[in-house]
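Listed below are the residues making up each chain.
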Amino acid sequence: MMMNYQTNLNIFEKLYKKFLTILYKNKNIYVYEKDFRNLSLPSSVGYEAINICNARCSFCGYGKVGADPRKKIKPNLEVLHHTLSVYNESGGGSFTLSPILGEITAIPNLIEILEDIRARYKNIKGLSFYTNAILLDRFDLQKLINSGVSDIDLSTCLSGKEDYKRVYGVDKFDQVKNNILNLLEVNKKNNNKVRIKLLLRQDKPFDNFLKSDLYNKIVSYIPKSDVEFLDNQWDDFKGIIKKEDLPRNQEFKKQMDKTKPCYALFRKLEILVDGTIQGCACRVEPDLWTENIKNFSNLKDAWNNKTYNKIRNEWFEGKIPKSCNTCSHYIPYSNLKKGHPKKVSKLIYKKVKNKLLSYMK
Ligand code: SF4
Ligand code: SF4
């Protein structure tokens, strides 16, 4: 099956798709199988920004032989702005400034970069990043919250000083805890302008932490649903990470049947530090390196570049990239499909309920 054959939606399919694009506020959604063979634009774009990290997590490939063959390099602003201007021109959407194996707050002028993005690219709607929070105290948090960032995901371990040191590989528990609480406090003073989520990587069971004062303090700032635990869904980074490297009592994610191409090839346009378009935002995989964003002046061509489409097409034909064979981040592309009546009615119900609640306030 080849990519790029004409989409042939009938009038009812077109109307239903139009309705869904309004409902999801995203015109780049997949509704029909044929949408995956005639790609228009990615649903979001991200720039890796930096491949240097200040932690040594036991569960992560960073700093371990075989996980990332590249040299350590700092952000390339030319690549960043070229990517953003191409994205902005094509209509924009949400943009992620998150490293794959690296830490964004290791960039000293991060706030200036965020402010600059907001000032220059009007079509960039959401602006998000992940951080391990170790260096947040080097920033003016009031400025950071008002920099234009819309979402911050904090990845950490908060079950205790010793646990943190074992899992994150550095002795920074108190600093991280204070940084997170300070950030939540400043955000609260700014009417929770930024959506902050806590992604916890820690030992099981979680009960003791869920009873702790720290947890109660955190959920006085953010909803409980924004505190997530990674639970038996770990990746082994091509066998580099062993069971004993995971937080205690945690398991690797079970391998799935990979007949269908991975969703990562269809979801987001991921740009590596040097501009390489990688067909995945989960790991660093030379198998999935395609062409360079600097060689494209429009997003559709970058998203449909020859090498990228070859990887997608080959997978449709049964040839799975070697690095994807063992990857546990895999999800079948068909999971990206929107439009299942049950899910659509649930979403409509939620939206109507929220609207009514906001009127009643
Ligand atoms: S998980 Fe993140 S913070 Fe930890 S070593 Fe890997 S890149 Fe760094
Ligand atoms: S299988 Fe893993 S490495 Fe391959 S595209 Fe999916 S998430 Fe990326």
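Computed from a predicted structure; not experimentally measured.

> Got a minute to help me understand the overall build of the protein in this structure?
The helix and strand tally for the protein stands at 13 helices and nine strands. In terms of overall dimensions, the protein is globule-like: its C-alpha atoms have a radius of gyration of 21 Å, near the 21 Å expected for 361 residues. In the protein, which comprises 361 residues, the proportion classed as buried is 35%. A separation of at least 24 residues holds for 74% of the contacts in the protein among residues at least 6 apart in sequence.

> Would you mind showing me how to read unusual backbone geometry here?
For residues other than glycine, phi is negative in most cases, and the peptide bonds are mostly trans. With an omega dihedral of -5 degrees, the bond running from Lys-204 to Pro-205 counts as a cis peptide bond. Phi is positive for Lys-25, close to 50 degrees, though the residue is something other than glycine. Its place among the elements puts Lys-25 in the loop between α1 (11-23) and β1 (44-47). One non-glycine residue, Asn-192, adopts positive backbone phi at about 50 degrees.

> Is there a simple way to think about the sheet that holds β1 in this case?
Within a beta sheet, neighbouring strands are joined by backbone hydrogen bonds and run either parallel or antiparallel to one another. The nine strands lie next to each other as β6-β5-β4-β3-β2-β1-β7-β8-β9, forming an open sheet whose pairing is mixed. Unpaired on one side and paired on the other, β6 (227-229) and β9 (289-292) mark the two borders of the sheet. When the angles between neighbouring strand axes are averaged without regard to direction, this sheet yields 25 degrees. Two elements, β1 and strand β2 (residues 93-96), share three bridges in a ladder whose sense is parallel. By the bridge assignment for β2, Ser-44 is matched with Ser-94.

> Is there a simple way to think about the site of ligand 1 in this case?
Taken together, Cys-53, Ala-55, Arg-56, Cys-57, Cys-60, Tyr-62, Leu-101, Gly-102, Glu-103 and Asn-132 make up the full set of residues adjacent to ligand 1. A breakdown of the residues in the shell around ligand 1 according to their chemical character gives six nonpolar, two polar and two charged.

> When you look at the site of ligand 2 in this model, what are you seeing that I'm missing?
Neighbouring ligand 2 are 13 residues, the closest being Cys-262, Cys-280, Cys-324, Cys-327 and His-329. Elements that contribute at least two residues to the shell around ligand 2 include exactly α9 (264-267) and α12 (322-325). A breakdown of the residues in the shell around ligand 2 according to their chemical character gives eight nonpolar, three polar and two charged.

> What exactly am I supposed to notice about helix α5 (residues 161-168) here?
Residue pairs three or four apart in sequence face the same way in an α-helix, which turns once every 3.6 residues. Taken together, the buried positions of α5 are Tyr-164, Val-167 and Tyr-168. Viewed end-on, α5 has its buried residues packed into an arc of 80 degrees, placing them on one side of the element. Packed against the buried residues of α5 are α6 (173-189).

> Can you help me understand the confidence of the model for the protein in this one?
As a general rule, the predicted coordinates of low-pLDDT regions are not to be interpreted in detail. Averaged over all residues, the pLDDT of the protein equals 94, while 98% of them reach at least 70. Note on residues 1-6: pLDDT under 50 across the span, and 13 contacts to partners over four residues away in sequence or across chains.

> What am I meant to see in the nonpolar core here?
Across soluble globular proteins, nonpolar side chains show a tendency to be buried alongside one another. Core analysis: the largest hydrophobic core is formed by 83 residues, its most contacted members being Ala-49, Cys-57, Phe-59, Ile-104, Val-149, Ile-271 and Ala-302. Here this core gets five residues from one element, more than from any other, and that element is helix α2 (residues 77-89). Excluding its chain neighbours within four sequence positions, the residues that come into contact with Ala-302 are Val-86, Leu-269, Ile-277, Ile-293 and Phe-296.

> Explain helix α13 (residues 341-360) to me, please; I cannot follow it from the model alone.
In this model, α13 (20 residues) spans 28 Å end to end at C-alpha, consistent with the 28 Å of a helix rising 1.5 Å per residue. The buried count for α13 comes to zero of 20 residues, which makes it a mostly uncovered element.

> Help me out: how do you make sense of the environment of Val-344 in this one?
Along the chain, Val-344 falls in helix α13. For Val-344, a count of 16 C-beta atoms within 10 Å translates into the label partly exposed. Taking the C-alpha atoms as reference points, Val-344 and Tyr-24, 320 residues apart in sequence, are found 9.6 Å from one another.

> Could you clarify how one ought to interpret the environment of Tyr-30 in this entry?
Following the sequence through the fold, Tyr-30 ends up in the loop between α1 and β1. Owing to 22 C-beta atoms within 10 Å, Tyr-30 belongs among the buried residues under this scheme. Through-space distance from the C-alpha of Tyr-30 to that of Tyr-333 is 9.8 Å; in sequence the pair is 303 residues apart. Those residues in contact with Tyr-30, other than ones at most four positions away along the chain, are Asp-35, Phe-36, Leu-336, Lys-337 and Lys-338.

> Looking at this structure, how should I read the pairing of strand β7 (residues 268-271)?
Every regular strand shows the same layout, with side chains that alternate between the two sheet faces. Side-chain alternation along β7 places Lys-268 and Glu-270 on one buried face and Leu-269 and Ile-271 on a second face that is also buried. Examined bridge by bridge, β1 and β7 share four bridges and lie parallel to one another. In the strand pairing of β7, Ser-44 is matched with Lys-268.

> Just to check I follow, could you spell out the environment of Ser-334 for this structure?
Along the chain, Ser-334 falls in the loop between α12 and α13. Take Ser-334: there are 13 C-beta atoms within 10 Å of it, and that puts it in the partly exposed class.

Definitions and cut-offs
- Residues numbered from 1 in each chain as written.
- Chains lettered and ligands numbered in written order.
- Predicted model: local features only at pLDDT ≥ 70, side-chain atom pairs only at ≥ 80, totals over all residues.
- Helix = DSSP H or I, 4+ residues; strand = E, 2+ residues; numbered from the N terminus.
- Rg over C-alpha atoms; globule rule 2.2 N^0.38 Å.
- Buried ≥ 20, exposed ≤ 12 C-beta atoms within 10 Å, placed from the backbone.
- Contact = placed C-beta atoms within 7 Å.
- Pairing = 2+ DSSP bridges.
- Axes fitted to C-alpha atoms, helices over the stretch in contact; angles between N-to-C directions.
- Near = placed C-beta within 6 Å.
- Nonpolar A, V, L, I, M, F, W, Y, C, P; charged D, E, K, R; others polar.
- Arc of directions from axis to C-beta.
- pLDDT = per-residue confidence, 0-100.
- Core = buried A, V, L, I, M, F, W, Y, C linked by C-beta atoms within 7 Å.
- Expected span 1.5 Å × (residues − 1).

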